[in-house]
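One-letter residues, chain by chain:
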Amino acid sequence: MTSNSGPSPFSRLSLNSATTKKWTLAEAVDGCARAGIPAIGPWRDRVHEAGLDKAAKLIRDAGLRVSSLCRGGFLTAADAEGQAAALADNRAAILEAVALDTRELFLVVGGLAPGEKDVVAARQRVADRLADLVPFAVENGVRLVLEPLHPMYAADRALISTLGQALDLAAPYDAKAVGVAVDTFHVWWDPELQAQIERAGRENRIASYQVCDFNLPIAADALLSRGMMGDGVIDFATIGTWVRDAGYTGDIEVEIFNQEIWDADGDSVLATMKERYAGLVLPYA
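Calculation notes
- Residues numbered from 1 in each chain as written.
- Predicted model: local features only at pLDDT ≥ 70, side-chain atom pairs only at ≥ 80, totals over all residues.
- Heavy atoms only, no water.
- Helix = DSSP H or I, 4+ residues; strand = E, 2+ residues; numbered from the N terminus.
- Rg over C-alpha atoms; globule rule 2.2 N^0.38 Å.
- Buried < 20%, exposed > 50% of the residue type's maximum accessible area, 1.4 Å probe, protein only.
- Contact = heavy atoms within 4.5 Å.
- Areas by Shrake-Rupley, 256 points an atom, 1.4 Å probe, with all protein chains shown as cover.
- Lys, Arg positive; Asp, Glu negative; His and termini not counted.
- Charge placed at Lys NZ, Arg CZ, Asp CG, Glu CD.
- Axes fitted to C-alpha atoms, helices over the stretch in contact; angles between N-to-C directions.
- Parallel < 35°, antiparallel > 145°, perpendicular 65-115°, else oblique.
- Left-handed = near helix turned anticlockwise from the far one by under 90°.
- Pairing = 2+ DSSP bridges.
- Right-handed = clockwise from strand over helix to strand, strands pointing away.
- Phe/Tyr/Trp six-rings, centres within 6.5 Å; stacked < 30°, edge-to-face > 60°.
- Lys NZ or Arg CZ within 6 Å of the ring centre and 35° of its normal.

> What should I look at first to understand the overall build of the protein in this one?
The secondary structure content of the protein amounts to 11 helices and 11 strands. In terms of overall dimensions, the protein is globule-like: its C-alpha atoms have a radius of gyration of 18 Å, near the 19 Å expected for 285 residues. C-alpha extents for the protein along the principal axes are approximately 65 × 40 × 40 Å. Relative to its 285 residues, the protein shows a buried fraction of 53%. Contacts spanning at least 24 positions in sequence make up 81% of the contacts within the protein whose residues lie at least 6 apart. In the structure as shown, the protein presents an accessible area of about 12,200 Å², 53% of it carried by carbon and sulfur atoms. Here the protein contributes 27 positive and 39 negative side-chain charges, whose respective centroids are spaced 3 Å apart.

Below is the structure:
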């Protein structure tokens with residue numbers, strides 16, 4: 001019998017494993033397989049729990065691809081010991097990305113060192129450590145993906161807050177070595193976003209498009225203010241159109257940190273995720 005069905009509308013959809021935080025990697029892989037989601041973006045903690053070789057086999061045997069690995073980074077240590085530890089951890093993450101058959105390794109660059117207030121110096125250390133890491137990443141065929149985070153996380157998580165800052169940091173390197181992520185939660189507010197997405201497209205640096213909503217009121221733990229698409233204030237049609245017009249055709253990851261979603265049944269979360277993706281993201285992707 002001949003099938004008249006075309007490509008799945010979910011062919012670019014990826015589950016970032018943070019969205020189903022209570023699931024093990026094996027459970028997340030099985031959930032994707034049940035839901036017809038073809039890709040997964042695992043966090044390293046889940047990979048380490050499973051064991052790297054087993055994690056790679058689980059994903060491979062399920063027929064999934066790995067859209068990215070989260071995360072490396074935290075490059076702002078001010079002391080030699082901390083800098084050496086950061087480089088060692090990031091080199092390990094690069095090798096993990098190779099083993100998982102993804103070339104995209106997210107970097108959350110880090111915030112101020114303990115007791116520090118010199119933002120300029122801390123940002124310079126990010127640039128210095130990136131320079132240390134790029135040759136090893138290139139040698140192993142992995143792209144370092146700089147992710148700007150919302151400014152409320154600048155002090156403790158990421159001193160890179162805008163796509164423009166990330167692109168400036170990437171500029172000395174080939175686009176195959178250092179790219180950037182467009183995460184709607186982190187960048188939706190930026191008045192320069194359209195221009196910087198266009199720039200990222202011209203420079204061939206868009207390595208990932210992540211989607212989730214920005215919920216109000218801000219949660220007591222600001223990390224948990226992400227929401228399912230459609231539950232917050234983000235205009236996915238506009239941002240998605242900009243990303244599409246910039247030439248991005250890769251996977252679209254759903255990454256949500258939200259206690260209610262974490263507490264919900266995982267299969268129900270994936271069903272809602274697919275529904276919202278189909279209605280709010282896919283028409284503009």
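> What exactly am I supposed to notice about the environment of Val126 here?
When you line up the elements, Val126 lands in helix H5 (residues 119–139). Accessibility expressed as a relative area gives 1% for Val126, which makes it buried. Look past the residues within four positions of Val126 in its chain and what remains in contact with it is Leu75, Thr76, Val109 and Leu169.

> How do you make sense of the packing of helix H1 (residues 25–35) against helix H11 (residues 266–281) when you look at a structure like this?
Helix packing geometry: the angle between the two helix axes and the distance between the axes. Taken N-terminus to C-terminus, the directions of H1 and H11 make an angle of 50°; their axes are 10 Å apart at the nearest point. Looking at the two axes, H1 sits oblique to H11. Considering only the axes of H1 and H11, their crossing is right-handed. Together, Gly31, Cys32, Arg34 and Ala35 of H1 and Asp267, Leu270 and Lys274 of H11 make up the contact between the two elements.

> Looking at this model, I keep getting lost on the pairing of strand E7 (residues 178–183). Mind explaining?
On any regular strand, side chains alternate: one points to one face of the sheet, the next to the other face. Of all 6 residues in E7, 6 are buried; the element is thus mostly enclosed. Of the two faces of E7, the one holding Val178, Val180 and Val182 and the one holding Gly179, Ala181 and Asp183 are both buried throughout. Note that strand E6 (residues 143–146) and E7 share 3 bridges and pair parallel. Across the sheet, Leu146 pairs through a bridge with Val180, a residue of E7. You can see the chain leave E6, run along helix H6 (residues 163–170) and come back into E7, and the turn it takes is right-handed.

> Help me out: how do you make sense of the packing of aromatic side chains in this one?
What describes a pair of aromatic rings is the distance from one ring centre to the other and the angle between the planes of the rings. Going through the model one piece at a time under the given rule, you end up with 6 aromatic pairs. Ring geometry for Phe10 and Tyr277: centres 6.1 Å apart, planes at 40°, overall tilted. With Phe10 in the segment before strand E1 (13–16) and Tyr277 in helix H11, this pair connects stretches of sequence that are 267 residues apart. For Tyr277, a relative accessible area of 0% gives the class buried. Put simply, the rings of Tyr153, Phe185, Trp188 and Phe214 touch in pairs and so form one group of aromatic residues. Taking NZ or CZ as reference, Lys21 lies 5.1 Å from the ring centre of Trp262, over its face. Across the ring face of Phe10, the terminal group of Lys274 is positioned such that the distance to the ring centre comes to 4.6 Å.

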